[in-house]
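The primary structure of each chain is shown beneath.
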Amino acid sequence: MMVLAIDTSNQPLSLAVMKDGAVMGEKLINIKRNHSLQAMSAVEELLGSLDVAPASLDRIVVAKGPGSYTGVRIGVTLAKTLAWSLKIPIVGVSSLLSLAWPGKYFDGIVVPLMNARRGNVYTGLYEYRDGWETLVEDCNLAMSEWLEHLAVREEKVLFTGADVDVFWEEIQLVLGERAYRVSDDEGYPRAAVMAKHAEGLPDEDAHGFVPNYIRLAEAEANWLKEQEKKNG
């Protein structure tokens, strides 16, 4: 099976092509540039470098969120377009679960983080035993509130993701020696890892596939508030 995996849910753009579960090629771009300007061309470059024709693909795997509203939307739109045009299934994987992968052999719980601005985070709580178990579903909340929840647990906590550094001082103040973090290199998303997560997930239809934004985009939330005032 030939799989193309796409993750544009945060600043890094990560792509991978997998053949029968093995990595054929990967591409990671970590610069502040709108993914709409580079995602499609990056897919074309990766496929071309591997001599893989789009028609050879059997499945599209995409990060379905949470994360940057624009980033998630771009990745999902690209994945749905490819899946629809090629008449192949699409599979969505939690952007946070993909970031948890470095904690596979960690003796404790794993907390992936994405900065949601204004002291908030996208996060979840995972543990690996015979497979990945979700202890707390992906959510969006204040980091201070999240740390209060983690503080009452007795396990060691591994924080993963490129945004851990933003909150690390606050994390250490609350959790002390129970807090661990991945290296900088391990904090980036890897589409190949996401494709591994997708191996046990069912196929989805491109038309019915929807991303998991968790919260409204800021512009949409402001618009709704204005409507409430007008109708109020």
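Structure: above.
Residues numbered from 1 in each chain as written. Predicted model: local features only at pLDDT ≥ 70, side-chain atom pairs only at ≥ 80, totals over all residues. Heavy atoms only, no water.

**Overview of the sheet that holds strand β3 (residues 22–29)**
- Taken in spatial order, the five strands line up as β3-β2-β1-β4-β5 in an open sheet, and their pairing is mixed. On the outer flanks of this sheet lie β3 and β5 (90–93), each paired with one strand and no other. In this sheet, adjacent strand axes meet at a mean angle of 15° when their direction is disregarded.
- As paired elements, strand β1 (residues 2–7) and strand β4 (residues 59–63) share four bridges and run parallel to each other. The residue of β4 that forms the bridge with Ile-6 is Val-62.
- On the sheet, helix α2 (residues 69–86) packs against β1, β4 and β5 and is oriented at approximately 170° with respect to β4.
- Sitting on the sheet, helix α6 (residues 191–198) is in contact with β1, β2 (13–19), β3, β4 and β5, with an inclination near 55° to β2. (Pairing = 2+ DSSP bridges. Helix = DSSP H or I, 4+ residues; strand = E, 2+ residues; numbered from the N terminus. Axes fitted to C-alpha atoms, helices over the stretch in contact; angles between N-to-C directions. Contact = heavy atoms within 4.5 Å.)

**Section: the nonpolar core**
- One finds Leu-4, Ile-6, Leu-15, Leu-57, Ile-60, Val-62 and Ile-90 to be the most contacted residues of the largest nonpolar core, which totals 26 residues.
- When residues of this core are traced back to their parent elements, those giving at least two are β1, β2, α1 (39–49), β4 and α2.
- Looking at this core, the element that brings in the most residues is α2, giving six residues.
- Within the second largest apolar cluster, 19 residues are counted, among which are Leu-125, Phe-159, Val-164 and Phe-167. (Core = buried A, V, L, I, M, F, W, Y, C linked by side-chain atoms within 4.5 Å. Buried < 20%, exposed > 50% of the residue type's maximum accessible area, 1.4 Å probe, protein only.)

**Notes on the packing of aromatic side chains**
- For the structure shown, the criterion picks out four aromatic pairs.
- Judged by centre distance (6.5 Å) and plane angle (75°), the rings of Phe-159 and Trp-168 are edge-to-face. With respect to class, Phe-159 is no different from Trp-168; both count as buried.
- The ring of Trp-168 has Arg-181 lying over it, and the distance from NZ or CZ to the ring centre is 5.0 Å. (Phe/Tyr/Trp six-rings, centres within 6.5 Å; stacked < 30°, edge-to-face > 60°. Lys NZ or Arg CZ within 6 Å of the ring centre and 35° of its normal.)

**Some details on the packing of helix α4 (residues 143–151) against helix α5 (residues 164–175)**
- Direction vectors running N to C along α4 and α5 enclose 35°, while the axes themselves pass 10 Å from each other. Crossing angle aside, the handedness with which α4 passes α5 is right-handed. Listed contacts from α5 to Met-143, Ser-144, Leu-147, Leu-150 and Ala-151 of α4 are Phe-167, Glu-170, Ile-171, Val-174 and Leu-175.
- Along the lines of polarity and charge, the residues of the contact of α4 with α5 split into eight nonpolar, one polar and one charged. (Left-handed = near helix turned anticlockwise from the far one by under 90°. Nonpolar A, V, L, I, M, F, W, Y, C, P; charged D, E, K, R; others polar.)

**Here we look at the sheet that holds strand β8 (residues 132–142)**
- Spatially, the five strands line up as an open sheet ordered β8-β7-β6-β9-β10, and their pairing is mixed. The open sheet terminates on both sides in strands that have one partner only, identified here as β8 and β10 (179–181). Sheet twist, expressed as the mean angle between neighbouring strand axes with direction ignored, is 25°.

**A look at the pairing of β3**
- Bridge analysis of β2 against β3 gives seven bridges, and the strand direction is antiparallel. Opposite Ser-14, over in β3, you have Leu-28 as the bridge partner.
- In sequence, β2 turns back onto β3 through a hairpin of two residues, with Asp-20 there showing a positive phi of about 55°.

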